[in-house]
Amino acid sequence: MSFGDKVRQSQLWKSIFRHPAPVDRRNRVLVILSNLILHLHPVAIQKHAVRLHYTWCMGGISAFLFLVETITGVLLMFYYRPTVQWAYNDMLALRDVVSLGVLREIHRWGAHAMVITVWLHMLRVFLTGSYKPPREFNWVIGVVLLVLTLLLSFTGYLLPWDQLSIWAVTVGSNMAKAAPMLGHEGPGQQLLTIDGVDLITSGSDVRYALLGARSVGEEALNRFYVLHCIALPLLATFLMAVHFWRVRKDGGISGPL
């Protein structure tokens, strides 16, 4: 018996790998169903599901870019401090010193690419009719993931804390003032009163909730940092898991019209 056979016959190996190598259909099924990652994929797929001209592979590329953003984002957190005093200087160091700026550029360009690929994925799904029954629920999940992708990009835009990011978020957050029922300049705000006090007009609107203050300052920087690094990625990860699971439960990628 060779050394490799002895390793594969050991109790340690068998406790980790429950089934033999997937050399036949039965073992392929068993390996996929018992694996943490592989069980998300069907045992067999239709030919159209692997045709690049049909899928564009935008969904897979978007998921890969999200993984790249997660890894590079965690590494960037070691060098970045979300305070008015240090944010800009830390960003300069990440641009010019830390890894010669490569780490930050991978994160920045990966974010731009992810926005593009998610839009293209939604376009492909729409053009191929993959949003139709029984996949309409997964289409809604995809729309929410698109919104989360844009929110991740928006919240990350403030973190460099330069003039461009500050004024861009100022303009973007001002749009929230016109939100119906939620912004103090939006329609329906006069209907929201508590004990005769108009909370929306007094400034406690959705813009104030987003910034934590009347203007873009350290409160906004802290909130955007938490949203960008913790809240939105966790929500996106959960919805991506649901999205992948529903693709499989709905029979894999939908076929051509």
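Residues numbered from 1 in each chain as written. Predicted model: local features only at pLDDT ≥ 70, side-chain atom pairs only at ≥ 80, totals over all residues. Heavy atoms only, no water.

Colleague: Could you give an account of the overall build of the protein chain, naming the residues involved and the relevant values?
Modeller: Scanning the protein chain from terminus to terminus reveals eleven helices and zero strands. Along its sequence from the N terminus, the protein chain presents helices and strands in the succession α-α-α-α-α-α-α-α-α-α-α. Against the compact-globule benchmark of 18 Å for 257 residues, the protein chain has a radius of gyration of 24 Å, which places it well outside the compact range. In terms of principal-axis extent, the alpha carbons of the protein chain reach across some 80 × 50 × 40 Å. The proportion of buried residues among the 257 residues of the protein chain is 35%. In the protein chain, 60% of the contacts between residues at least 6 apart in sequence involve partners at least 24 apart. (Helix = DSSP H or I, 4+ residues; strand = E, 2+ residues; numbered from the N terminus. Rg over C-alpha atoms; globule rule 2.2 N^0.38 Å. Buried < 20%, exposed > 50% of the residue type's maximum accessible area, 1.4 Å probe, protein only. Contact = heavy atoms within 4.5 Å.)

Colleague: Tell me about the side chain of Ser173, and name the residues and values.
Modeller: Within the secondary structure, Ser173 is located in helix α9 (residues 163-175). From its side chain, Ser173 meets the backbone oxygen of Thr170 in a polar contact 3.1 Å long. Contacts of Ser173, omitting those with residues within four sequence positions, involve Phe154, Arg207, Leu210 and Leu211. (Polar contact = N/O pair within 3.5 Å; in protein donor to acceptor, adjacent residues only side chain to side chain.)

Colleague: Before we move on, can you summarise the domain arrangement of the protein chain with the specific residues and values?
Modeller: How big an interface is tends to be stated in terms of the accessible area lost upon association of its parts. Split into domains, the protein chain comes out as domain 1 (1-36), domain 2 (52-169 + 218-257) and domain 3 (176-215). Inter-centroid distance (C-alpha atoms) of domain 1 to domain 2 is 36 Å. (Domains from an automatic or database assignment.)

Colleague: Before we move on, could you go through the layout of surface pockets and cite the residues and values that matter?
Modeller: By volume, the largest pocket amounts to about 1,300 Å³. Surrounding the largest pocket, 46 residues form its lining, Gly59, Gly60, Phe244, Val247 and Ile253 being those nearest its centre. Listed by contribution, the elements that provide at least two residues to the lining of the largest pocket are α5 (58-77), α7 (102-127), α8 (136-157) and α11 (218-249). A total of seven residues in the lining of the largest pocket trace back to one element, the largest contributor, which is α8. Its residues assigned to classes, the lining of the largest pocket comprises 26 nonpolar, 16 polar and four charged. Empty space within the second largest pocket amounts to approximately 1,000 Å³. Around the second largest pocket, the lining is made up of 37 residues, and of these His107, Gly156, Tyr157, Leu159 and His228 lie nearest the centre. Within the residue set of the lining of the second largest pocket, elements represented by two or more residues are α5, α6 (87-96), α7, α8, α9 and α11. In terms of residue class, the lining of the second largest pocket is built from 22 nonpolar, ten polar and five charged. (1 Å grid on protein atoms, 1.4 Å probe; cavity = no way out; pocket = protein on both sides within 12 Å on 5 of 7 lines; lining within 4 Å. Points joined across faces, edges and corners; volume = space filled by probe spheres on them. Nonpolar A, V, L, I, M, F, W, Y, C, P; charged D, E, K, R; others polar.)

Colleague: Account for the packing of aromatic side chains, with residues named and values stated.
Modeller: All chains considered together, the criterion is met by five aromatic pairs. Ring geometry for Tyr131 against Trp139: centres 5.6 Å apart, planes inclined by 55 degrees, an arrangement best described as tilted. Tyr131 gets classed as partly exposed once you look at its relative accessible area, which sits at 26%. Overall, Trp139 belongs to the partly exposed group, its relative accessible area being 25%. An aromatic cluster is present here, built from Phe126, Tyr131 and Trp139 joined pairwise through their rings. Just above the ring of Trp86 sits the side chain of Arg81; from NZ or CZ to the centre is 4.0 Å. Here Arg124 stacks its cationic end above the ring of Tyr54, 5.6 Å away from the centre of that ring. (Phe/Tyr/Trp six-rings, centres within 6.5 Å; stacked < 30°, edge-to-face > 60°. Lys NZ or Arg CZ within 6 Å of the ring centre and 35° of its normal.)

Colleague: Can you lay out the nonpolar core for me, pointing to particular residues and giving the numbers?
Modeller: With 18 residues, the main nonpolar core has Tyr80, Leu158, Trp161, Val216 and Leu221 as its most contacted residues. At four residues, α11 tops the list of elements feeding residues into this core. Each residue touching Tyr80, except ones within four places of it in the same chain, is listed here: Ala87, Asp90, Met91, Leu94, Leu159, Leu221 and Tyr225. Core analysis: the second largest hydrophobic core is formed by 14 residues, Phe66, Met122, Leu145 and Leu232 among them. (Core = buried A, V, L, I, M, F, W, Y, C linked by side-chain atoms within 4.5 Å.)

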